[in-house]
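Given next are the chains, with one letter for each unit.
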Amino acid sequence: MLQACLLVKNMSKSVKNDSLRNIAIIAHVDHGKTTLVDAMFRQSGLFRANQEVDERLMDTMDLERERGITIAAKNCSVLWQGVRINIIDTPGHADFGGEVERALSMADGAILLVDASEGPLPQTRFVLKKALEANLKIIVVINKIDRQDARCGQVLDEIYDLLIDLDASDEQLEFPLLYAIGREGIAQKDLDDPGENLHVLFDAIVKEIPGPSHDPDKPFQMLVSDLGYSDYLGRLAVGKISNGTARSRDNLVCIGADGCVKPLKVSKLQVYEGMGLRDVDEVGAGDIVGLAGIEDVEIGDTICNQHVPRALPRITVDQPTVSMKFTINTSPLAGQEGKYVQSSRLKERLRKETLLNVAIQVEKTDDRDSIVVKARGEFQLAILIETMRREGYEFCVGRPEVIYRYENGRRLEPINRLLVDCEEQFLGVVTEKLSLRKAKLTNLINNGKGRVRIEFSVPVRALIGYRDEFLTDTRGTGIMHALFEGYEAYRGDCPSRFTGSIVADRTGRAIAYALFNLEPRGRLFITPGDVVYEGMIIGENHRGEDINVNPCKEKKLSNMRAAGKDDNILLSPVKPLTLEQTLSFIREDELVEVTPLSVRMRKTVLSAKARHTQQGVRLKKAACAG
């Protein structure tokens, strides 16, 4: 489906390059993928014996290190017994599916890494499905076998069930099986035969994963799967060479999405060596290379011989399911904290994101100061927003909205498969809350150890804003994973939030005396001394309606004193909301104000009088329609 290399695998003249292996590593979040790659680096001889090396080398982004997840697919290589193994690190979250699809376009095989206790989870299912569709050879590694709650036998049965459920072929079901302790750099073929290193894993990769295939009679072809940038070389096109060879200073062409042919001259060729790139004069079929010499190139383009310009099938990705409006900051505090605040800067940054991330789409709106961004999920959008604010951008975003489809007059909505792992005592409240959100229970597993695993089919829109409620209901012990399944008929309206917003009615600084008197109304988001403005959301009302309050009210002082002494003002501690929490909290008429230093929530219409007038107009129209 997405592999250009599939084009050459089934040809009678294809030959294999046995000096190379291109593998992708598939794993759910926190199953030990990055730690295992670290051990592979160390044991392949990439570093000196006494060299100090950081942990989690593949997590190159600050956000990846902070959150402990892989966000962007990355390439690296190790050398084992004369064979160069190119390792492609794939994200473990389904929201970054575009990264998965472009990464798998460079692979000829994959390592499926599964936790010995948790087993295969929904994100594993998503990436594995793409790998099976690409007909990749699979090596299964059950990791963390030293855990006290490890259940290797049951996990292996779950892996077989998953492969059968994904329509794996008989050949794919006969996978090589290894057991590992990634943290200690140990792999073994049998549970009863303790290992000492990762040599059996390296040997399995060389033996089981086929070398990249190519047709020796075809000219140079390379599918662009990634883009990079160098201050010295400019734009870098990264991809796997499907056929032929190329040399530095060669004249080639690039075929874009519209079929337009653009000439280019190769200024530099680089291959991966460890985490870095090494300059080479010539590259051949199967190599994953970085090619410099063209600025106007996009992911999915084909770079090929100028005399025989033939394009490879472009990388195809699943369509986005969630959209969000980005707009300039119009609050009274606009421009005080951000470096880039203009709408032109915002639109240009989002356009560049679409060049690097094939799963992101942007659309213009009637409003010249706003733009709609479409993505796989709200988490992907949250990562994009967090990345931009760290780059100095200041802007506002609206509530995530699902993207509906219409077929034969019917409205279809995206549906997720939701896996919930929680303590048995919380089963009732979780099931009740999800049933109100139009979820359907599809499976329930109770292993008799105090925790249950529940599967639901639930609309994507119903999960927006539910995660915080879920953590509260399960006392922070529940685990929730969602995976996009497809589109179904609209299941009807469901509640999104039962509480209202506490909104400031003036500009100023919050006063402890005022906040103390507002605490009975609900949960506050601000502390004394924080700057507020009219229309800014400063708390959550226990009741369903919004209320306008004065957080700047001071206690009036006079010469008159009551008997006794004044009450001591003690405020409840305020836990700052994260970006994801604010995105899930806001309603349709609210925005999140994002700056490099602050994340605030506000009403779209700041003026309380204007909001009151709009509400009156809506009620009047509703009465007339009724």
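Please read all numbers here as calculations on a predicted model, not as lab measurements.

Calculation rules
- One numbering rule holds for all chains: residues counted from 1, following each sequence as written.
- At least 70 in pLDDT is required for a residue's local features to be given in this predicted model, at least 80 for side-chain atom pairs to be given and counted, and no such filter applies to totals for whole chains, interfaces and linings, which use all residues.
- The side-chain values count all of the structure's non-hydrogen atoms but skip hydrogen atoms and water molecules.
- Segments assigned H or I by DSSP are reported as helices when at least four residues long, segments assigned E as strands when at least two residues long, and all are numbered from the N terminus.
- Using a 1.4 Å probe on the protein chains alone, a residue whose accessible area is under 20% of its type maximum counts as buried, one over 50% counts as exposed, and one in between counts as partly exposed.
- In what follows, a contact means two residues having at least one pair of non-hydrogen atoms within 4.5 Å.
- The Shrake-Rupley method, run with a 1.4 Å probe, gives the accessible areas here. Residue values count only the displayed protein chains as cover.
- Pairing between two strands is assigned when DSSP locates at least 2 bridges connecting them.
- The axes used here are C-alpha line fits, helices contributing only the stretch in contact, and every angle between their N-to-C directions lies in the interval 0 to 180 degrees.
- Each angle receives one of four descriptions, namely roughly parallel if under 35 degrees, roughly antiparallel if over 145, roughly perpendicular if within 65 to 115, and oblique otherwise.
- To estimate how far a helix should reach, multiply one less than its number of residues by 1.5 Å.
- When we speak of the arc, we mean the arc of directions from the helix axis to the C-beta atoms.
- Residues scored as charged are limited to Lys and Arg (positive) and Asp and Glu (negative), so that His and the chain ends carry no count.
- By definition here, a salt bridge exists when the distance from a side-chain nitrogen of Lys or Arg to a carboxyl oxygen of Asp or Glu is within 4 Å.
- Nitrogen and oxygen atoms within 3.5 Å of one another constitute a polar contact, given that in protein one can donate a hydrogen and the other can accept it, and given that sequence-neighbouring residues count only through two side-chain atoms.
- Here a Phe, Tyr or Trp ring, Trp counted by its six-membered ring, pairs with any other such ring whose centre lies within 6.5 Å, and the pair is stacked when the planes are under 30 degrees apart, edge-to-face when over 60, and tilted otherwise.
- In this scheme, the term charge over a ring applies when either NZ of a lysine or CZ of an arginine sits within 6 Å of the ring centre and within 35 degrees of the ring normal.

**Here we look at the overall build of the protein**
Inference 1: If you tally the helices and strands in the protein, you get 16 helices and 37 strands.
Inference 2: For the protein, buried positions account for 53% of its 626 residues.
Inference 3: Relative to all contacts within the protein whose residues are 6 or more apart in sequence, the contacts with residues 24 or more apart total 73%.
Inference 4: Carbon and sulfur atoms make up 48% of the accessible area of the protein, which amounts to about 29500 Å² in all.

**Looking at the pairing of strand S2 (residues 20-27)**
Inference 1: The buried fraction of S2 is high, at eight of eight residues.
Inference 2: Residue alternation in S2 divides its side chains into two sets, Leu20, Asn22, Ala24 and Ile26 and Arg21, Ile23, Ile25 and Ala27, and both sets are buried.
Inference 3: With six bridges joining them, S2 and strand S4 (residues 83-89) adopt parallel strand pairing. In the sheet register, Ile23 faces S4, and the bridge partner there is Ile87.
Inference 4: Across five bridges, S2 lies against strand S5 (residues 109-115) in parallel orientation. Each bridged residue has a counterpart across the sheet, and for Ile26 the counterpart in S5 is Leu112.

**Describing the packing of helix H2 (residues 33-43) against helix H8 (residues 199-208)**
Inference 1: Two elements in contact, H2 and H8, have axes whose closest approach is 11 Å; the angle formed by their N-to-C orientations is 90 degrees. In terms of axis orientation, H2 runs roughly perpendicular to H8. Counting all contacts with H2, which are made through Leu36, Met40 and Gln43, the residues of H8 involved are His199, Leu201, Phe202 and Ile205.

**Quick look at the sheet that holds strand S10 (residues 221-230)**
Inference 1: Spatial strand order, S14-S13-S19-S10-S11-S18-S15-S16: eight strands in an open sheet with antiparallel pairing. Unpaired on one side and paired on the other, strand S14 (261-265) and strand S16 (276-280) mark the two borders of the sheet. Within the sheet, the average angular offset between the axes of one strand and its neighbour, ignoring direction, is 40 degrees.
Inference 2: Pairing analysis gives five bridges linking strand S13 (residues 251-255) to S14, with the strands arranged antiparallel.

**A look at the sheet that holds strand S8 (residues 186-188)**
Inference 1: Spatially, the seven strands line up as an open sheet ordered S3-S4-S2-S5-S6-S7-S8, and their pairing is mixed. If you trace the sheet from one side to the other, it starts and ends with strand S3 (74-80) and S8, each paired once. When strand polarity is set aside, the average angle formed by the axes of neighbouring strands in this sheet is 30 degrees.
Inference 2: Of the strands in this sheet, S2, S3, S4 and S5 are in contact with H2, which crosses S3 at around 35 degrees.

**Overview of helix H6 (residues 152-165)**
Inference 1: Between its first and last C-alpha atoms H6 spans 20 Å; for 14 residues at 1.5 Å apiece the expected length is 20 Å, and the two agree.
Inference 2: Inspection of H6 places Cys152, Val155, Leu156, Ile159, Leu162 and Leu163 among the buried residues, and these make up the whole buried set. On an axial view of H6, the arc spanned by its buried residues comes to 120 degrees, and they lie on one face. Turned more than 90 degrees away from the buried face of H6, the exposed residues are Asp161 and Ile164.
Inference 3: After H6 finishes, the residue Asp167 shows a positive phi value of roughly 60 degrees.

**Considerations on the side chain of Arg611**
Inference 1: Secondary-structure assignment places Arg611 in helix H16 (residues 608-625).
Inference 2: Lacking a salt bridge, the buried Arg611 has Glu534 as its closest oppositely charged neighbour, with an N-O distance of 5.3 Å.
Inference 3: A distance of 3.1 Å separates a polar side-chain atom of Arg611 from the backbone oxygen of Leu606.
Inference 4: Sequence-distant contacts of Arg611, that is, excluding residues within four places in its chain, are made with Val503, Gly535, Asn548, Lys603, Val605 and Leu606.

**Let's talk about the pattern of salt bridges**
Inference 1: Following the criterion strictly, the structure yields 34 salt bridges and no others.
Inference 2: Close ionic contact of Lys240 with Asp108 constitutes a salt bridge, the shortest N to O distance being 3.0 Å. Of this pair, Lys240 sits in strand S11 (residues 234-243) while Asp108 sits in the loop between helix H4 (97-104) and S5, and the two are 132 residues apart along the sequence.
Inference 3: Accessibility expressed as a relative area gives 5% for Lys240, which makes it buried.
Inference 4: For Arg183, the salt bridge identified is with Asp146, shortest N-O distance 3.1 Å.

**Looking at the packing of aromatic side chains**
Inference 1: One pass over the structure, following the stated rule, counts eight aromatic pairs.
Inference 2: On the basis of an interplanar angle of 20 degrees and a centroid distance of 5.5 Å, the ring pair of Phe326 and Phe395 is categorised as stacked. Placement of the pair is Phe326 in strand S20 (residues 322-327) and Phe395 in strand S23 (residues 395-397), with a sequence separation of 69 residues.
Inference 3: Relative to Tyr487, the ring of Phe484 lies with its centre 5.8 Å away and its plane at 75 degrees, an arrangement referred to as edge-to-face.
Inference 4: For Phe484, a relative accessible area of 32% corresponds to the partly exposed category.
Inference 5: Across the ring face of Tyr404, the terminal group of Arg411 is positioned such that the distance to the ring centre comes to 4.9 Å.
Inference 6: A cation over an aromatic ring shows up here: Arg411 above the ring of Tyr490, its NZ or CZ 3.8 Å from the ring centre.

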